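Summary of structural features
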Amino acid sequence: MATMDTHDPWSLRESYLYDRTVIAEIQRAAREGIYDIRGFGAKRRVPHFDDLLFLGASISRYPLEGYRERCDTNVTLGTRFAKKPLELKIPVTIAGMSFGALSAPAKEALGRGASEVGTSTTTGDGGMTPEEREHSKILVYQVLPSRYGMNPDDLRKADAIEIVVGQGAKPGGGGMLLGHKISDRVAEMRNLPRGIDQRSASRHPDWTGPDDLEIKIGELREITDWEKPVFVKIGATRTYYDVQLAVKAGADAIVLDGMQGGTAATQDVFIEHVGIPTLPAVRIASDALQELGLHRQVQLIVSGGIRTGADVAKALALGADAVSIGTAALIAMGDNSPELEEEYAKIGSAAGFYDDWQAGRDPAGISTQDDELAARFDPLLGGRRIANYLRVLTLEAQTLARACGKSHVHNLEPEDLVALTVEAAAMARVPLAGTSWIPGVDNQS
Amino acid sequence: MSVAEAAETTAVEVVDLATTPLRELNQRLHDLAGGADGPRRWRILTPNGAHAVACGIDAELDVVIEGHVGYYCAGMNQLATVRVHGNAGPGLAENITSGTVVVDGNASQSAGATGRGGLLVVHGDAAARCGISMKGVDIVVRGSVGHLSGFMAQTGRLVVCGDAGEALGDSIYEARVYVRGEVSELGADCVEKDLRAEHRAELAELLLQAGIDDLEPSDFRRYGSARRLYNFHVDNAY
Amino acid sequence: MCGIVGLFAKSTEVEEGLGEHLAAMLAQMSDRGPDSAGVAVYRDPAPSGASKLTLFSSDPLQDWDALAAELRNAFGGAPEAGVRASHAVFVVDAEASDAEAWIRSAHPELRVMSAGQTIEIYKETGRPEEFIRQFSLGDFHGTHALGHTRMATESRVTTAGSHPFSTGLDVCLVHNGSLSNHNRLREELRRQGIEFQTENDTEVAAGYLAWRLRESASLEQALEGCLDDLDGFYTFLVGTADGFAVLRDPIACKPAVLAETEEWVAMASEWRAIAVLPGAADARAWEPAPGVVYAWERQKV
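Computed from a predicted structure; not experimentally measured.

Moving on, we come to the overall build of chain A. Scanning chain A from N- to C-terminus turns up 15 helices and 16 strands. For chain A, the C-alpha atoms occupy an extent of roughly 65 × 65 × 45 Å along the three principal directions. Sorting the 445 residues of chain A into buried and exposed places 57% on the buried side. Contacts in chain A between residues far apart in sequence, at least 24 positions, make up 66% of those at least 6 positions apart.

And the structure:
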């Protein structure tokens, strides 16, 4: 123990339980008397795809050559009931993010980029903007508890319908948009007074439960003459039962968002403490579909912490048909870029740490409604960046798939993977590397 | 016009759901969108509680349904006038954008849910969550409404000639609620407001549109948002 | 999640055709409950001093006649097996509790689906149409009946997990909804001596009712207790020897329709299940208010 006069910084010891972040939050709560609301997804570490490794080619398994030997990446979503399923060129889609949460040019960029590489974007908790429909060749229209902006004309203009039961960041919570982001245009689209702190309902207004969801899906199909695929989006919680229930309710595809999934605004406690990680969620969902004999017939789209082609490939290997990106797309467009370091410092943050998407002061012009800030964001450049990033995700996934001898990324399978940790092995149900041990699974030879 | 033409304009297309699949009926109604040629007047028999009857219409049609319907009758209605000679299940005229939907009997919960425009008239009672999350629709209920009616109601007018159940207008935004009978309990941020001349005029207009001519606007009370929940309250205890 | 139906006969015609009407109602609820189906029929009261048991066997080659002989040896009388698919009904010359206890100890492989004077419970996995056919539901006559079609939410699809759950002599429960505090409540009820066979939330509600009734609550009091002690979303339909009762939780998101004519009283999750009944077009129809017990009872002679 140092004496009272000693100033040796090396003897200072931070508490694990009460570290600086926790101290700052407790003191903020004491000052403000309200919970911490922020954007971004879970920041704490949970088991993820990084804890899995591909086995790759060997004497017993041969790789495919790059370039010459095809590794296909196309995926069709909505084959179960829809007259016009979605045909995507790559197994990566852009997740639902609202106009309101994002600026108009940011939404436009997502549409441009996705269309360039042949994939879809998704509307969010605010409705469909004309720009979005114009710039996105394939557009999925979300039906959320709030029903902001919901109307039959837009429903008919959409290429697919996504009924949102929940999202990974806040399963059981509704949307949130704080007053500084409720601009005139947002207010008009959402039929709200300008400048209020908007909180959406957490349940749908006209159905509760899978038995009534079935009837609701029926209504949406009737209204759109059975043309469009109907997806059901869930935050990962009781995933095994949820997948079965979504299937029984009549979904064409299931969108499953792990707890790491991002949000534009919600309570920090929700983000960090509710839902299961994407890793176990994918495996559970895939197994549930296999049990029902509907794997690949009811498609599985997985999101929540997809960052690299390795994440894409691993999610597909565990049984997903496609993945969806949200946070990564915003980062690709410039969120948290070191170029903005000075700007972040002015608003009390730093590049690489910025998560105040709820505040609407984004210097990158992405998660803001401020005209001046939004004007900084160039939608054509943003579109190029998205297209580039999506290409890299695809190329990386193909590289890994080829190394495992696959001519289509969908031929990746759990047996191509091993785990680095006991948790990941148990969650993904693949063996701990170098062993034949899968924790929790009996009868191993 | 000729006799034949006159007959055509008043001809009613009759569809019996006991023998015609619902999909066929709805498709035929949808095909009349955008001014396409076809019958303007429809009569639908034997609904027997079927769901999504006459949903997604986008044309100035006159549709009469003889009997009780299930969920989501006239869901997302545009321009059409749909009349139900019976009771309706949950989600009647949900998300209606324009046009008129009239029910002779009772409506189950979430009647007019998230409706954006047009008029919904229920001659009997509407159950819980009538006008939930409404975004511009006008709803007139001759009887009573159940609990959580007008919950998160954003814009539009809800008129209740009978009583209102608990938590009326909970978390209401700018919609206006008029009740003639008893209100068992007001929801969070919902308060009684003055019934001024412009409100009596508004009420009179709505009652007229609903075909109700035996009630006095002055006998109603007006309810709306206290606007205390519009923003989070942040202290600054340094 | 599920569909529930209930029918209470007020005329002899409806009593005669009870099974046929119930089958028609149940078929309408297939979409919202594709996993399994079950019914509780109240009919043919056992004579005084005797009781009726409905038993289930998972063995397709179950020798019910041999069991009848064993029951004759144990209790006397001439019990015969009334067999329908995987179930058999026995009228035993003993009080229900004694008969049940004997079955549990002598034949633990059999499941007692119901016990009492008039109740018979049949339930199976599979689609409702299949159930109706297998159990010849159309044959039944009776005074009143409850039915259920199941979409399993948080527990497996098994025969035992299907509704109705019997909660005591001649008492049963069907449920549409999802409880949220049933796990701790199950432990509490176990401590009170109530036994459970599944992870099912409805079984907990049934156990709760059984416990309250055992502790001398009236059916109405027991149901009102649900409002305090059960958390979650529910529409309950409870059957008793004399009739049935309906209760919706205070939030009342799950549907419920009631209808009445001179000939019958009916309850269902959706109107289309009631639409198939004779005279339905002219029935008085209404929706039960949340948190209110609605009950119908036959006048005791």
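Within chain C, the secondary structure is distributed over nine helices and 16 strands. Against the compact-globule benchmark of 19 Å for 301 residues, chain C has a radius of gyration of 18 Å, which places it among compact chains. Taken along the three principal axes of its C-alpha coordinates, chain C extends 50 × 45 × 40 Å. A total of 301 residues make up chain C; the buried ones form 54% of that total. The contacts in chain C between residues at least 6 apart in sequence include a share of 71% that link residues at least 24 apart.

Let's shift gears to the packing of helix 2 (residues 104–117) of chain A against helix 14 (residues 379–403) of chain A. Residue and element names in this part refer to chain A. Where helix 2 contacts helix 14, the axes come no closer than 7 Å and their chain directions differ by 45 degrees. Taken together, helix 2 and helix 14 sit at an angle that is classed as oblique. Once helix 2 is placed against helix 14, the crossing between them reads as right-handed. The residues of helix 14 that touch helix 2, namely those facing Pro 105, Ala 106, Glu 108, Ala 109, Leu 110, Arg 112, Gly 113, Ala 114, Glu 116 and Val 117, are Pro 379, Leu 380, Gly 382, Gly 383, Arg 385, Ile 386, Ala 387, Leu 390 and Arg 391. For the contact of helix 2 with helix 14, the class distribution of residues is 11 nonpolar, three polar and five charged.

A few words now on the sheet that holds strand 7 (residues 135–141) of chain B. Residue and element names in this part refer to chain B. Reading across from one edge, 1-2-3-4-5-6-7-8-9-11-10 is the order of the 11 strands in this open sheet, with mixed pairing throughout. The open sheet has two edge strands, strand 1 (12–16) and strand 10 (190–193), and neither has a second partner. For this sheet the average axis-to-axis angle between neighbouring strands, irrespective of direction, equals 15 degrees. For strand 3 (residues 62–66) and strand 4 (residues 81–85), the ladder comprises five bridges, and the chain directions are parallel. Its bridge partner being in strand 4, Val 63 is matched across the sheet by Val 82. Packing against the sheet, helix 3 (residues 197–209) makes contact with strand 6 (119–122), strand 7, strand 8 (155–160), strand 9 (176–179) and strand 11 (221–225), and its axis sits at approximately 75 degrees to strand 8.

Here we take up the pairing of strand 8 of chain B. All names here are of chain B. With respect to burial, strand 8 is a largely interior element, five of its six residues being buried. Across five bridges, strand 7 lies against strand 8 in parallel orientation. Across the sheet, the residue bridging to Ile 139 is Leu 158, located in strand 8.

Attention now goes to the confidence of the model for chain C. All names here are of chain C. Looking at chain C, the pLDDT average stands at 93 and 99% of residues meet or exceed 70. The element-level mean pLDDT for chain C is lowest in strand 9 (residues 165–168), coming to 86, with strand 14 (residues 264–268) highest at 97. Taken together, the chains of this predicted complex give a pTM of 0.93 and an interface ipTM of 0.94.

As a further point, take the sheet that holds strand 14 (residues 299–303) of chain A. Residues and elements named next belong to chain A. A sheet is described by the order of its strands in space; here eight strands give the open sequence 5-15-14-12-11-8-7-6, paired in parallel fashion. Taken across any chain shown, the strands that pair with only one partner, and hence form the sheet edges, are strand 5 (92–94) and strand 6 (120–122). Neighbour to neighbour, the strand axes of the sheet diverge by 25 degrees on average, direction disregarded. The sheet contact formed by strand 6 and strand 7 (residues 138–143) spans three bridges and is parallel. Of the residues in strand 7, the one forming a bridge with Thr 122 is Val 140. Its contacts with the sheet place helix 7 (residues 239–249) against strand 11 (230–235) and strand 12 (253–257), and it is angled at close to 160 degrees to strand 11.

In this section: unusual backbone geometry. The linkage connecting C:His163 with the following residue, C:Pro164, adopts the cis geometry, with an omega of 5 degrees. You can see C:Pro164 is positioned in the loop between strand 8 (144–150) and strand 9. Here A:Phe40, not a glycine, exhibits a phi torsion of approximately 80 degrees, which is positive. Looking at the element boundaries, A:Phe40 is found in the loop between strand 1 (37–38) and strand 2 (52–54).

Further remarks concern the interface of chain A and chain B. The interface of chain A with chain B comprises 24 residues on the first partner and 41 residues on the second. Of all the elements in the fold, those that place two or more residues in the side of chain A that touches chain B are helix 1 (20–32) and helix 6 (210–223) of chain A. The biggest single contributor to the side of chain A that touches chain B is helix 6 of chain A, with five residues. Here the residues of the side of chain A that touches chain B sort into 11 nonpolar, five polar and eight charged.

At the junction of the two partners, chain C supplies 11 residues and chain B supplies 14 residues. Within the side of chain C that touches chain B, the residues separate by chemical class into eight nonpolar, no polar and three charged.

All names here are of chain C. Examined at the domain level, chain C breaks down into domain 1 (2–45 + 118–297) and domain 2 (58–111). For domain 1 and domain 2, the distance between their C-alpha centroids amounts to 25 Å. Opposite the eight residues of domain 1 that make contact, domain 2 presents seven residues. With three residues, strand 7 (residues 119–125) is the single largest residue contributor to the side of domain 1 that touches domain 2. Across the side of domain 1 that touches domain 2, the residue classes tally to four nonpolar, two polar and two charged.

The next subject is the environment of A:Gln167. Residue and element names in this part refer to chain A. Residue position: Gln 167 is located in the loop between strand 8 (160–164) and strand 9 (176–177). For the pair Gln 167 and Trp 10, spaced 157 residues apart in sequence, the C-alpha separation works out to 43 Å. Non-local contacts of Gln 167, meaning those with residues more than four positions away in its chain, are made with Lys 233, Gly 235, Asp 257, Gly 261 and Thr 263.

Let us now look at helix 4 (residues 96–106) of chain C. Residue and element names in this part refer to chain C. Taken together, the buried positions of helix 4 are Ala 96, Ala 99, Glu 100 and Ile 103. Looking straight down helix 4, one finds its buried side chains confined to an arc of 100 degrees; they lie on one side. Across from the buried face of helix 4, at angles greater than 90 degrees, the exposed residues are Ser 97, Ser 105 and Ala 106. On its buried side, helix 4 packs onto strand 3 (51–56), strand 5 (87–92) and strand 6 (111–116).

All names here are of chain A. Among the nine residues that make up helix 10 (residues 309–317), eight are buried, leaving the element largely enclosed by the rest of the structure. Those residues of helix 10 that sit buried are Gly 309, Asp 311, Val 312, Ala 313, Lys 314, Ala 315, Leu 316 and Ala 317. Gly 319 lies just past helix 10 and shows a positive phi near 125 degrees.

Turning to the nonpolar core, a few remarks are in order. For soluble globular proteins, the rule of thumb is that nonpolar side chains tend to be buried together. Core analysis: the largest hydrophobic core is formed by 296 residues, its most contacted members being A:Ala251, A:Ile254 and B:Ala54. Here this core spans two domains, since at least three of its residues come from each of domain 1 (2–45 + 118–297) and domain 2 (58–111) of chain C. Discounting residues that sit within four places of it in the chain, B:Ala54 has contacts with B:Leu29, B:Ile44, B:Val63, B:Ile65, B:Cys73, B:Ala74 and B:Val82.

Our focus in this paragraph is the packing of helix 7 of chain A against helix 9 (residues 278–291) of chain A. All names here are of chain A. Remark: helix 7 packs on helix 9, axes separated minimally by 8 Å, with the N-to-C direction vectors making an angle of 45 degrees. Judged on the interaxial angle alone, helix 9 and helix 7 are oblique. Here helix 7 and helix 9 pass one another in a crossing that is right-handed. Two secondary-structure elements touch here, helix 7 through Thr 239, Tyr 240, Val 243 and Gln 244 and helix 9 through Ala 281, Ile 284, Ala 285, Ala 288 and Leu 289. Residue composition of the contact of helix 7 with helix 9, grouped by class: seven nonpolar, two polar and no charged.

Attention shifts here to the pairing of strand 11 of chain B. Residues and elements named next belong to chain B. Two elements, strand 9 and strand 11, share three bridges in a ladder whose sense is antiparallel. The partner of Tyr 178 across the bridge, within strand 11, is Arg 222. Bridge count between strand 10 and strand 11: four bridges; the pairing is antiparallel. Residue pairing for strand 11: Lys 193 is matched across the bridge by Arg 222.

A word on the environment of B:Val145. Residue and element names in this part refer to chain B. With respect to the element layout, Val 145 can be found in the loop between strand 7 and strand 8. C-beta crowding within 10 Å serves as the criterion here: with 33 such atoms nearby, Val 145 is assigned to the buried category. Taking the C-alpha atoms as reference points, Val 145 and Gly 86, separated by 59 residues in sequence, lie 17 Å from one another.

The rules behind the values
Residues numbered from 1 in each chain as written. Chains lettered and ligands numbered in written order. Predicted model: local features only at pLDDT ≥ 70, side-chain atom pairs only at ≥ 80, totals over all residues. Helix = DSSP H or I, 4+ residues; strand = E, 2+ residues; numbered from the N terminus. Buried ≥ 20, exposed ≤ 12 C-beta atoms within 10 Å, placed from the backbone. Contact = placed C-beta atoms within 7 Å. Rg over C-alpha atoms; globule rule 2.2 N^0.38 Å. Axes fitted to C-alpha atoms, helices over the stretch in contact; angles between N-to-C directions. Parallel < 35°, antiparallel > 145°, perpendicular 65-115°, else oblique. Left-handed = near helix turned anticlockwise from the far one by under 90°. Nonpolar A, V, L, I, M, F, W, Y, C, P; charged D, E, K, R; others polar. Pairing = 2+ DSSP bridges. pLDDT = per-residue confidence, 0-100. Domains from an automatic or database assignment. Arc of directions from axis to C-beta. Core = buried A, V, L, I, M, F, W, Y, C linked by C-beta atoms within 7 Å.

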